[in-house]
Amino acid sequence: MNPAVGRPRRSGADDAILRAGRELMTERGHAGFSMDEVARRAGVGRQSVYRRWPSKSALVVAAMTSAGTDAEVFADTGSFAGDLRCGLEAMRALYHASSAELFADVYFAMAGDPVARDLFNEHHIRPRRRSLARAISRAIERGELVPDTDVSTVIDLVSGPFLYRRLIAADDLRDSLVEASVDAVVLLYGAHRTSGVVS
């Protein structure tokens, strides 16, 4: 059916469904999550949920990543180290907002579902990637980082340890991890680097 000629979507239904999804995930986790229960809590029909999100995994990821996304995670603090530290602190706060089990559930949900992965990238990865790219551009203009600083590599360097500790070790994300991540990026791409050798 062409959505343009079907029954119009109820105003506010998307927000109600996402809110109900977050509540249900927090209470029951992925194993206890059901589209029918989300529909009941949101006060909409089951088909209203499926028209928006075609699978349980897609709705889980959308519900858990659509709220509180800051478009400028790596804010301009006046220095690259400050920008990076600001973004990593925001990342740590986001990860701490959910239990390690709930965090793992979201990653499990997107593992085998391309739609869920696309939603995760749209709501979580891309905004942070764009924000970090802007921070890197500012740092290059200020002469803090070398011009060939690789955004993808920086993202891997700063996100990998946090993901590992939250998903595998379920460890506390300490201040030392933030500082070590900042130091690693500056060491690798700082403007003092010459011909690939840190002096």
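Residues numbered from 1 in each chain as written. Predicted model: local features only at pLDDT ≥ 70, side-chain atom pairs only at ≥ 80, totals over all residues. Heavy atoms only, no water.

## Structural notes on the overall build of the chain
1) Next: Looking only at helices and strands, one finds 9 helices and 0 strands in the chain.
2) Next: Ordering the α and β elements of the chain from the N terminus gives α-α-α-α-α-α-α-α-α.
3) Next: Evaluated residue by residue, the chain yields a buried proportion of 40% over its 199 residues.
4) Next: Taking all contacts inside the chain whose residues are at least 6 apart in sequence as the whole, residues at least 24 apart take part in 67%.
5) Next: Total accessible area on the chain stands at roughly 10500 Å², and carbon and sulfur atoms take up 53% of it. (Helix = DSSP H or I, 4+ residues; strand = E, 2+ residues; numbered from the N terminus. Buried < 20%, exposed > 50% of the residue type's maximum accessible area, 1.4 Å probe, protein only. Contact = heavy atoms within 4.5 Å. Areas by Shrake-Rupley, 256 points an atom, 1.4 Å probe, with all protein chains shown as cover.)

## Side note on helix H4 (residues 56–65)
1) Next: Of all the 10 residues making up H4, 8 are buried; the element is thus mostly covered by neighbouring parts of the structure.
2) Next: Of all the positions in H4, only Ser57, Ala58, Leu59, Val60, Val61, Ala62, Ala63 and Thr65 are classed as buried.

## Let's talk about helix H7 (residues 114–142)
1) Next: In this model H7 runs 39 Å from its N-terminal to its C-terminal C-alpha over 29 residues, within 8% of the 42 Å that 1.5 Å per residue would give.
2) Next: Helix geometry: H7 is bent most strongly at Asn121, by close to 45°.
3) Next: For H7, the full list of buried residues reads Ala116, Leu119, Phe120, His124, Pro127, Arg128, Ser131, Leu132, Ala135, Ile136, Arg138 and Ala139.
4) Next: Where H7 begins, one side-chain oxygen reaches toward the backbone nitrogen of Val115, 3.0 Å away; that side chain belongs to Asp113.
5) Next: Of the residues one or two after H7, Gly143 is the one with positive phi, at around 85°. (Expected span 1.5 Å × (residues − 1). Bend = angle between axes of the 7 residues up to and from the residue. Polar contact = N/O pair within 3.5 Å; in protein donor to acceptor, adjacent residues only side chain to side chain.)

## Comments concerning the environment of Leu88
1) Next: Note that Leu88 resides in helix H5 (residues 80–96).
2) Next: On the accessibility criterion, Leu88 (0% relative accessible area) is buried.
3) Next: For the pair Leu88 and Val73, spaced 15 residues apart in sequence, the C-alpha separation works out to 8.4 Å.
4) Next: Sequence-distant contacts of Leu88, that is, excluding residues within four places in its chain, are made with Phe74, Val158, Phe162, Val178, Ser181 and Val182.

## Concerning the packing of helix H1 (residues 13–28) against H4
1) Next: Here H1 crosses H4 at 95°, and the two axes come no closer than 8 Å. Relative to H4, H1 is oriented roughly perpendicular. Where H1 approaches H4, its residues Ile17, Leu18, Gly21, Arg22 and Met25 are matched on the opposing element by Leu59, Val60, Ala62, Ala63 and Met64.
2) Next: Of the residues that constitute the contact of H1 with H4, the class distribution is 8 nonpolar, 1 polar and 1 charged. (Axes fitted to C-alpha atoms, helices over the stretch in contact; angles between N-to-C directions. Parallel < 35°, antiparallel > 145°, perpendicular 65-115°, else oblique. Nonpolar A, V, L, I, M, F, W, Y, C, P; charged D, E, K, R; others polar.)

## A closer look at the nonpolar core
Note on soluble globular proteins: their nonpolar side chains tend to be buried together.
1) Next: By size, the foremost hydrophobic cluster in this structure holds 52 residues, and its most contacted members are Ile17, Trp53, Leu59, Val61, Leu84 and Leu88.
2) Next: Only H1, helix H2 (35–42), H4, H5, helix H6 (100–111), H7, helix H8 (151–169) and helix H9 (175–189) provide two or more residues apiece to this core.
3) Next: Each residue touching Trp53, except ones within four places of it in the same chain, is listed here: Asp14, Ile17, Leu18, Met35, Ala58, Leu59, Ala62 and Leu119. (Core = buried A, V, L, I, M, F, W, Y, C linked by side-chain atoms within 4.5 Å.)

## A short note on the side chain of Arg92
1) Next: Summarising the element assignment, Arg92 is placed in helix H5.
2) Next: Looking at Arg92, the relative accessible area reads 13%, which means it is buried.
3) Next: Only 2.7 Å separates the side chain of Arg92 from the side chain of Glu89, close enough to count as a polar contact.

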